[in-house]
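Topology and contacts: notes
Chain by chain, the residues:
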Amino acid sequence: MTDPQQSAAQQQSIARIETYAAHNYHPLPVAIASGSGAWLTDVDGNRYLDFLSAYSAVNFGHSNPHLIQVATEQLGRLAITSRAVYADNLGPFLEALTTLCGKQMALPMNTGVEAVESALKIARKWGYQVKGVPEGAATIIVMDGNFHGRTISVVSFSSDTVATTEFGPFTPGFVSVPFGDLDALAAAIDDTTVAILVEPIQGEAGVITPPPGYLSGVRELATRHRVLMIADEIQSGLGRTGTTFYCEQAGVIPDLYLLGKALGGAILPISAVVGDADVMGVLRPGEHGSTFGGNPLAAAVGLAVVELLQTGEMQARSRELGTHLHTRLQSLLGHGVTQVRGVGLWAGVDIDPALGTGRDIGERLLSKGVIAKDTHGQTLRLAPPLVITADELDLAVDALTEALAEAAAQG
Ligand SMILES: *Cc1c(COP(=O)(O)O)cnc(C)c1O
């Protein structure tokens, strides 16, 4: 559907994509031409506050001036080498990244799902070489409702039938247990278990926060049974929740961090697996890799992103503005909103079905100059860039308040 007030040019932009792109997404009906900070501008010059941030890939804002400068300088010098040689800026990036994580080694990749796949391979190899699991028998425990990406192996352990239907046969070796249930997790661990893979907060599932004590319980079980705890912080990490990692708020240090999305500074895809040498060291030359992983452009942008996080300013913004956001969202409970979850500048807002779906409210928000997307039917996910101001935040929550009131009046 398109807005009748859109120019012919905008409608044409949308129609072309619908014609030539595979239909694996259901975008909001708007054609974006540029972005700056927390704002996006469509082809007609209308401005929107970005409350999606490309699923948290834009934590530091669109066209962040410092990141653009770093990327532009690097582009003029060297962009792609492959890991067949030693690029001069990869060391500084990985040293800074591992220091940020309090770990010893990192494997640079590109997209988030590649970091997940890489960690699964590392965990299996660690299981056979270090833990002594008979080769071919390793199992990895995952959580119901997980989202870790879209490859065959990763959807093999998805509980979302849309992600799995007609994509089989699937990769074996995974066991799924309810998120938040330590007893079920404990019962699922046996001699073949090499890893527990968990999103500290389940993002796609609707910004589902874990019950108190859950992540530390996962950590204890993993340690007690000599199993790797793999924290997929691809969406929850790098400042989104008010700390560098959400695990920090639970006082937990996982064996492996999976990072992606915001690590690329909203410029290019950068992901990584970060851990200690006793785990990361199982990989030998030729066993795993990526032509583009850790390329010089990525190393330059990745280092600048890590430096940005070292100051703590982004995390503090997320904490402070997040408190404001959540206070305001709480006041919408009973006014078209049935539940609000999340931490920092990240919220899952459940829309009262009497008012429509998350998508319906998202389309109303679009017409009021706010871009936000639904997840799983009734939930609207809010995740503005961390560079947003308090005034901009208020504009968007005002728009949401109006959108809900209008939906209620029309329902
Ligand atoms: C987005 C996401 C991924 C996959 O990242 P891509 O870059 O889309 O491959 C994996 N895990 C989590 C938690 C995510 O949010």
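Further up the page is the structure itself.
Computed from a prediction, not measured in an experiment: that's the story for all the values here.

1. Describing the site of the ligand
The full set of residues close to the ligand is Thr111, Gly112, Val113, Phe147, His148, Gly149, Glu199, Asp232, Ile234, Gln235 and Lys261. One of the side-chain N or O atoms of Asp232 is found 2.7 Å from a nitrogen atom in the ligand. Classifying every residue of the shell around the ligand by side-chain character gives 3 nonpolar, 5 polar and 3 charged.

2. Digging into the packing of aromatic side chains
Summed over the entire model, instances satisfying the criterion amount to 3 aromatic pairs. Both rings, one in Phe157 and one in Phe174, keep their centres 4.4 Å apart while their planes meet at 45°; by these two values the pair is tilted. With Phe157 in the loop between helix H6 (152-155) and helix H7 (161-164) and Phe174 in strand S6 (residues 174-177), the pair connects residues that are 17 residues apart, well separated along the chain. For the pair Phe157 and Phe174, one class covers both residues: buried. Look at Phe179 and Tyr214: their rings are 5.4 Å apart centre to centre, the planes differ by 70°, and that puts the pair in the edge-to-face class. One end of the pair, Phe179, is in the loop between S6 and helix H8 (182-188); the other, Tyr214, is in helix H9 (residues 214-224), and 35 residues separate them in sequence. For the pair Phe179 and Tyr214, a shared accessibility class is recorded, and that class is buried. Above the face of the Trp39 ring, Arg47 is positioned so that its terminal group lies 4.2 Å from the ring centre.

3. A word on the side chain of Arg341
Note that Arg341 resides in strand S11 (residues 337-341). Reaching out from Arg341, the side chain makes a polar contact with the backbone oxygen of Gly206 at a distance of 2.8 Å. Side chain to side chain, Arg341 and Asp350 meet in a polar contact 2.8 Å long. Not counting chain neighbours up to four residues away, the residues in contact with Arg341 comprise Gly206, Val207, Ile208, His326, Trp346, Ala347, Gly348, Asp350 and Thr379.

4. Looking at empty space enclosed by the protein
The gaps of empty space that remain are located by a probe, the size of a water molecule, rolled over the atoms. This model, assessed by the stated rule, comprises 1 cavity of 30 Å³ or more. Approximately 40 Å³ is the volume found for the largest cavity. Lining the largest cavity, in full, are Phe51, Leu365, Val370, Leu382, Ala396, Val397 and Leu400. Looking at which element gives the most residues to the lining of the largest cavity, the answer is helix H15 (residues 390-410), with 3 residues. Residue classes in the lining of the largest cavity are distributed as 7 nonpolar, no polar and no charged.

5. Brief notes about the pairing of strand S2 (residues 39-42)
Residues of S2 alternate between two faces, with Trp39 and Thr41 on one and Leu40 and Asp42 on the opposite face, all of them buried. Relative to S2, strand S1 (residues 32-36) runs antiparallel, the two sharing 4 bridges. Across the sheet, the residue bridging to Ile32 is Asp42, located in S2. The antiparallel hairpin formed by S1 and S2 contains 2 residues in its connecting segment, where Gly37 sits at a positive phi of about 60°. As judged from the 3 bridges shared by S2 and strand S3 (residues 47-50), these two strands associate in the antiparallel manner. Paired with Trp39 across the two strands is Leu49, which belongs to S3. Adjacent in sequence and paired antiparallel, S2 and S3 are bridged by 4 residues, among which Gly45 carries a positive phi angle near 90°.

Reading the values: rules and limits
- Residues numbered from 1 in each chain as written.
- Predicted model: local features only at pLDDT ≥ 70, side-chain atom pairs only at ≥ 80, totals over all residues.
- Heavy atoms only, no water.
- Near = heavy atom within 4 Å.
- Polar contact = N/O pair within 3.5 Å; in protein donor to acceptor, adjacent residues only side chain to side chain.
- Nonpolar A, V, L, I, M, F, W, Y, C, P; charged D, E, K, R; others polar.
- Phe/Tyr/Trp six-rings, centres within 6.5 Å; stacked < 30°, edge-to-face > 60°.
- Helix = DSSP H or I, 4+ residues; strand = E, 2+ residues; numbered from the N terminus.
- Buried < 20%, exposed > 50% of the residue type's maximum accessible area, 1.4 Å probe, protein only.
- Lys NZ or Arg CZ within 6 Å of the ring centre and 35° of its normal.
- Contact = heavy atoms within 4.5 Å.
- 1 Å grid on protein atoms, 1.4 Å probe; cavity = no way out; pocket = protein on both sides within 12 Å on 5 of 7 lines; lining within 4 Å.
- Points joined across faces, edges and corners; volume = space filled by probe spheres on them.
- Pairing = 2+ DSSP bridges.

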